[in-house]
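Listed here are the chains, written in short residue letters.
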Amino acid sequence: MPESAESYRTPYTPYPGGGMPPAATTPEEGKADLWAFFWLTLINTAIISAAGIAAWWFVH
């Protein structure tokens, strides 16, 4: 069975309040969202680390 360029997307979530993207989300949009969350996670980690180091430095 040949793979289509875009697989079928169900409009329903697999469980109540599910976190699946809406059916209209394209694969490119999904990948862009994942990269955005990746960079946001790194930035947040850097901010929290810097605040922790600054607090440690201030206390000592």
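The structure presented is a predicted model; accordingly, all values stated were derived computationally and were not measured. (Residues numbered from 1 in each chain as written. Predicted model: local features only at pLDDT ≥ 70, side-chain atom pairs only at ≥ 80, totals over all residues. Heavy atoms only, no water.)

Asks: In this structure, what is going on with the overall build of the protein? I would like to understand it.
Replies: Counting its regular elements, the protein contains 1 helix and 0 strands. If you sum the accessible surface of the protein, you get close to 5,700 Å²; carbon and sulfur atoms cover 71% of it. (Helix = DSSP H or I, 4+ residues; strand = E, 2+ residues; numbered from the N terminus. Areas by Shrake-Rupley, 256 points an atom, 1.4 Å probe, with all protein chains shown as cover.)

Asks: Please clarify how a nonpolar patch on the surface should be interpreted in this entry.
Replies: The grouping of Trp35, Phe38, Trp39, Leu42, Ile43 and Ile47 at the surface amounts to a nonpolar patch, some 660 Å² of accessible area in total. Secondary-structure assignment places Ile47 in helix α1 (residues 27–59). (Patch = residues over 30% accessible without salt bridge, like charges linked within 9 Å, V, L, I, M, F, W, Y side chains within 5 Å. Salt bridge = Lys/Arg side-chain N within 4 Å of Asp/Glu carboxyl O.)

Asks: Teacher, can you tell me more about the packing of aromatic side chains here?
Replies: Within a pair of aromatic rings, the relevant descriptors are the distance that separates the centres and the angle that separates the planes. Under the definition given, this model contains 2 aromatic pairs. A centroid spacing of 5.4 Å and a plane angle of 90 degrees characterise the contact between Trp35 and Phe38, whose relative ring orientation is edge-to-face. In this pair, Trp35 and Phe38 both sit in helix α1, 3 residues apart, roughly one turn of the helix. On the basis of relative accessibility, which here comes to 52%, the residue Trp35 falls in the exposed class. Ring centres 5.0 Å apart and planes at 70 degrees place the aromatic pair Phe38 and Trp39 in the edge-to-face group. Residue Phe38 is classed as partly exposed on the basis of its relative accessible area, which comes to 38%. Judged by relative accessible area, Trp39 falls into the partly exposed class, the value being 49%. What links up through ring pairs into an aromatic cluster is the set Trp35, Phe38 and Trp39. (Phe/Tyr/Trp six-rings, centres within 6.5 Å; stacked < 30°, edge-to-face > 60°. Buried < 20%, exposed > 50% of the residue type's maximum accessible area, 1.4 Å probe, protein only.)

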